[in-house]
Amino acid sequence: MGPPRSTLVGERFGPLCGVRILSTGTIVAEPMAAVMAAEMGAEVIHIERPGGGEDWRHAEFPIEGPNGEPIASSWVQDHRNMYNTTLDFSTQGGREIFLKLVERADIWMESSKARTYDKWGLDDATILAANPAIVICHVSGYGQDGDPEYVARASYDFTAQAFGGMMNLMGNPEPDPPSRAVPWTADYITALFCLWSSLAAYIHAERTGQGQVIDLAQFEAVHRILSGTMVAYNELGIVRERAGNKAGNAQPWDTFQAKDGWVVIAAVGPAVYSRVCRVLSLDPDDAKWISARRNVNSPEGIEFDAILRGWVEDRSVEEVVKTFNDALVGCSPIMNAHDMAENPHYRARGVHLDWEDQQLGRTIRGVGIVPRFSETPGKIWRGSVPVGHDNALVYGDLLGLDSQTLQEMATKGVI
């Protein structure tokens with residue numbers, strides 16, 4: 001039995017109420033997994049390095065804080081609901097504090113090169129000895145084992161997209177270069193894998209009392225979502241390449257330029273294709289147009305595409321979108337931030353919410369809680385906070401360290 005499970009959360013809510021997560025990752029992938037859990041009621045303790053904290057706090061589209069310091073828009077969006085502390089794992093005092101936290105936690109998520117924590121005396125065996133039921137999720141670029149040369153490599157969103165195979169499929173065909181998916185798509189994909197796998201292992205631990213270690217390589221998370229790419233290669237010898245937005249085996253499925261913007265039109269199957277033909281005043285039963293659907297690069301396929309593009313170019317985005325949706329054909333404008341902020345459907349569903357951000361000292365607006373739960377909804381109970389904001393609360397109230405001890409540890413740079 002571990003120490004008594006006191007709680008830091010003032011208000012209990014959400015489907016993850018009662019779950020305590022330690023978060024020690026940086027940049028996007030692991031912290032995003034932690035904040036998604038926090039938005040669903042988990043008690044998340046996020047740990048940064050003492051002093052200035054993580055560089056990512058100030059990196060992307062910074063907003064000026066009350067003291068003139070830059071605060072990244074992405075940090076404000078993705079670091080809500082978390083208790084923020086600081087700790088130097090390389091010190092003996094830092095190691096001792098972390099093991100005390102481990103005794104009181106259900107899940108530990110981290111992101112670093114393989115075996116980073118081993119050198120600080122915080123290897124998996126030591127963690128599981130302190131808490132045999134804890135779930136450990138290691139997020140790294142290339143995994144905890146494998147080819148040693150790869151395991152030792154640095155990795156970021158960009159490199160994971162390249163090594164995992166995503167970039168080879170992104171963008172227009174040669175001679176255009178491969179394109180990255182934005183924003184930080186490999187990181188966000190990895191965050192989803194981090195969270196679901198940690199919760200799956202947590203369910204197992206709740207049933208059996210047995211913790212375990214998850215080895216999540218970022219490139220593998222990216223590679224997993226490439227659909228049938230590797231089956232097509234292994235079974236058919238097909239090496240998929242970039243094709244742009246246009247589908248290669250049926251149409252219409254592409255981006256189209258209207259008089260005042262861009263739309264996507266997506267018709268799956270003969271029935272929906274027939275509706276597109278009727279909008280264009282083409283006979284869907286004509287053998288020529290039946291052939292054009294599948295044979296996109298044939299003369300009739302190219303002619304159909306030209307007719308559709310001409311029709312779209314003569315009309316506004318609003319008219320194109322309304323006409324095709326009235327005809328039960330998938331069609332959407334390509335939305336930017338302004339479009340989404342003003343869109344009636346976004347507003348009707350309450351996608352964007354206001355909350356109080358402690359760093360900025362004011363109300364801000366961004367993306368709310370996704371998805372929505374009918375019985376145990378998530379919520380935003382506070383925004384992002386300054387570096388080490390919750391040191392006294394976590395290390396004092398939770399671990400029982402007195403103020404003098406905390407001050408001494410801060411002076412030594414342990415916290």
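Right, let's walk through the structure included here. It should be emphasised that the depicted structure is a prediction, and the values quoted were computed from it without experimental measurement.

1. A word on the packing of aromatic side chains
1) Next: This model, assessed by the stated rule, comprises 17 aromatic pairs.
2) Next: Here the aromatic rings of Phe89 and Trp120 are separated by 5.9 Å at their centres, their planes lie at 15°, and the arrangement is stacked. Of this pair, Phe89 sits in the loop between strand 5 (83-86) and helix 3 (92-103) while Trp120 sits in the loop between strand 6 (107-111) and helix 4 (124-130); the two residues are 31 residues apart in sequence, bridging distant segments of the chain.
3) Next: The partly exposed category is assigned to Trp120, whose relative accessible area is 25%.
4) Next: Ring centres of Tyr142 and Phe219 lie 6.0 Å apart, and the angle between their planes is 35°; on these two criteria the pair is classed as tilted. One end of the pair, Tyr142, is in the loop between strand 7 (135-140) and helix 5 (148-151); the other, Phe219, is in helix 8 (residues 218-224), and 77 residues separate them in sequence.

2. Examining the nonpolar core
The tendency in soluble globular proteins is for nonpolar side chains to be buried side by side.
1) Next: In this structure, Ile21 and Met109 are the most contacted members of the largest nonpolar core, which totals 47 residues.
2) Next: For this core, the secondary-structure elements that each account for two or more residues are helix 1 (29-39), strand 4 (70-72), helix 2 (73-78), strand 6, strand 7, helix 7 (185-208), strand 8 (212-217) and helix 8.
3) Next: It is helix 7 that contributes the most residues to this core, nine residues altogether.
4) Next: Among the nonpolar cores identified, the runner-up in size contains 28 residues, and Ile47, Tyr83, Ile134 and Leu399 belong to it.

3. Here we look at the pairing of strand 6
1) Next: With five of its five residues buried, strand 6 lies for the most part within the structure.
2) Next: Because side chains alternate across strand 6, one face comprises the buried residues Ile107, Met109 and Ser111, and the other comprises Trp108 and Glu110, equally buried.
3) Next: With three bridges connecting them, strand 1 (residues 20-23) and strand 6 associate as parallel partners. Bridging across to strand 6, Leu22 finds its partner in Trp108.
4) Next: For the crossover from strand 6 across helix 4 to strand 7, the handedness is right-handed.

4. A few points about the state of the cysteines
1) Next: As enumerated under the stated definition, the model contains zero disulfides in all.
2) Next: Cysteine Cys277 shares no disulfide, and the gap to the nearest cysteine sulfur, in Cys331, comes to 15 Å.
3) Next: A relative accessible area of 0% places Cys277 in the buried class.

5. Some points on the packing of helix 12 (residues 299-313) against helix 13 (residues 317-326)
1) Next: Close contact between helix 12 and helix 13 brings their axes to 9 Å; oriented N to C, the two are set at 125°. In terms of orientation, helix 12 lies oblique with respect to helix 13. Two secondary-structure elements touch here, helix 12 through Leu308, Trp311 and Val312 and helix 13 through Val320, Thr323 and Phe324.
2) Next: Partitioning the contact of helix 12 with helix 13 into residue classes produces five nonpolar, one polar and no charged.

6. A look at a nonpolar patch on the surface
1) Next: A cluster of nonpolar side chains, namely Met230, Tyr233 and Val239, defines an oily patch on the protein surface of about 290 Å² accessible area.
2) Next: Note that Tyr233 resides in helix 9 (residues 229-236).
3) Next: By relative accessible area, which is 44% here, Tyr233 ends up partly exposed.

About the cut-offs
Residues numbered from 1 in each chain as written. Predicted model: local features only at pLDDT ≥ 70, side-chain atom pairs only at ≥ 80, totals over all residues. Heavy atoms only, no water. Phe/Tyr/Trp six-rings, centres within 6.5 Å; stacked < 30°, edge-to-face > 60°. Helix = DSSP H or I, 4+ residues; strand = E, 2+ residues; numbered from the N terminus. Buried < 20%, exposed > 50% of the residue type's maximum accessible area, 1.4 Å probe, protein only. Core = buried A, V, L, I, M, F, W, Y, C linked by side-chain atoms within 4.5 Å. Pairing = 2+ DSSP bridges. Right-handed = clockwise from strand over helix to strand, strands pointing away. Disulfide = S-S within 2.5 Å. Axes fitted to C-alpha atoms, helices over the stretch in contact; angles between N-to-C directions. Parallel < 35°, antiparallel > 145°, perpendicular 65-115°, else oblique. Contact = heavy atoms within 4.5 Å. Nonpolar A, V, L, I, M, F, W, Y, C, P; charged D, E, K, R; others polar. Patch = residues over 30% accessible without salt bridge, like charges linked within 9 Å, V, L, I, M, F, W, Y side chains within 5 Å. Areas by Shrake-Rupley, 256 points an atom, 1.4 Å probe, with all protein chains shown as cover. Salt bridge = Lys/Arg side-chain N within 4 Å of Asp/Glu carboxyl O.

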